[in-house]
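What follows is the residue order along each chain.
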Amino acid sequence: MNVIVAVDKNWAIGKDNRLLVSIPADMKMFRQETMGKVVVMGRKTLESFPNGMPLKNRTNIVLTGNREYKVKDAIVVHTIEELLEEVKKYPADEVYCIGGDSVYKQLLPYCDVAHVTKIDFAYEADSFFPNLDQDPQWSVTASSEEQTYFDLEYQFLKYERK
């Protein structure tokens, strides 16, 4: 399974159920990486999308403890075990965990590749991704040139589990 995330220099990912910043090249990379694949997310992440609707041209799987929760055009699961059973139906390299923070933390042990957009700025935030630079199980295996969006510098990094 893959994980895909944009983090700031403190590994922050969001505030008030919103992304910290929207960088067009990051959004484009996200679309290219996940189009036609499986995206796994928590309920709050889904509800943060336009109209709270699943992403088009992808298989959307929502992990929520709410057993009453239903959403059109998405598969809803309620436990990690149920989720892991569901994703067995798809090639592991085509499954992407897309957040939020509690889903990232629960699924990271099952992921082997992390696509990280690292933004060289510290935002005010209330949700974070585990710091892979401090985790000896992970190492950077690919990195892009540093890029700029207005005055923000960022880089696309690929981490792989050792």
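These remarks concern the structure in this document. (Residues numbered from 1 in each chain as written. Predicted model: local features only at pLDDT ≥ 70, side-chain atom pairs only at ≥ 80, totals over all residues. Heavy atoms only, no water.)

**With respect to the overall build of the protein**
Using the following cut-off: Runs of H or I in DSSP of at least four residues are treated as helices and runs of E of at least two as strands, each being numbered from the N terminus. Every radius of gyration here is taken over C-alpha atoms, with the globule rule written as 2.2 Å times N^0.38, N being the number of residues. Exposure is judged per residue with a 1.4 Å probe applied to protein chains only, and the accessible area is read against the type maximum: over 50% gives exposed, under 20% gives buried, and values in between give partly exposed. Contacts are residue-level and defined by heavy atoms, with any inter-residue pair within 4.5 Å sufficient. We treat Lys and Arg as the positive residues and Asp and Glu as the negative residues; His and chain ends play no part in the count. For the purpose of locating charges, the reference atoms are NZ of Lys, CZ of Arg, CG of Asp and CD of Glu.
If you tally the helices and strands in the protein, you get four helices and 12 strands. Its C-alpha atoms give the protein a radius of gyration of 15 Å, near enough to 15 Å, the size a compact globule of 162 residues would have. When the backbone C-alpha atoms are referred to their principal axes, the protein occupies close to 45 × 35 × 25 Å. Counting across all 162 residues of the protein, residues that qualify as buried make up 43%. A separation of at least 24 residues holds for 62% of the contacts in the protein among residues at least 6 apart in sequence. For the protein, the distance from the average position of its 20 positive side-chain charges to the average position of its 25 negative side-chain charges is 5 Å.

**Here's the deal with the pattern of salt bridges**
Spelled out, the test is: The term salt bridge refers to a pairing of a side-chain nitrogen on Lys or Arg with a carboxyl oxygen on Asp or Glu at a separation within 4 Å.
The final tally for this structure, using the stated rule, is 10 salt bridges. With a closest N to O distance of 4.0 Å, Asp101 and Lys105 form a salt bridge. Highlighted residues: Asp101 and Lys105, both in helix H4 (residues 101-107), separated by four residues, approximately one helical turn. When salt bridges with common partners are traced through the structure, they connect Lys15, Asp16 and Glu124 into a single cluster.

**Topic: the layout of surface pockets**
Condition: A cavity here means a set of 1 Å grid points, computed over protein atoms only, where a 1.4 Å probe fits but cannot escape. A pocket is an open set with protein on both sides within 12 Å along at least 5 of 7 lines, and lining residues have an atom within 4 Å of a point. Grid points are joined across faces, edges and corners, and a volume is the space filled by probe spheres set on the points. Polar here means any residue outside two lists: the nonpolar Ala, Val, Leu, Ile, Met, Phe, Trp, Tyr, Cys and Pro, and the charged Asp, Glu, Lys and Arg; Gly therefore counts as polar.
What the largest pocket holds in volume is close to 1100 Å³. Along the wall of the largest pocket there are 39 residues; nearest its centre are Leu19, Thr45, Ser48, Phe49 and Ile98. Among the elements of the structure, strand E1 (2-7), strand E2 (12-15), strand E3 (18-19), helix H1 (24-34), helix H2 (43-47) and H4 are those that each provide at least two residues to the lining of the largest pocket. For the lining of the largest pocket, the element with the highest residue contribution is H4, accounting for five residues. Taken together, the residues that form the lining of the largest pocket break down as 15 nonpolar, 14 polar and 10 charged.

**Some thoughts on the environment of Glu153**
By the secondary structure assignment, Glu153 is in strand E12 (residues 152-161). Each C-alpha atom of the pair Glu153 and Asp93 lies 29 Å from the other, and the pair is 60 residues apart in sequence.

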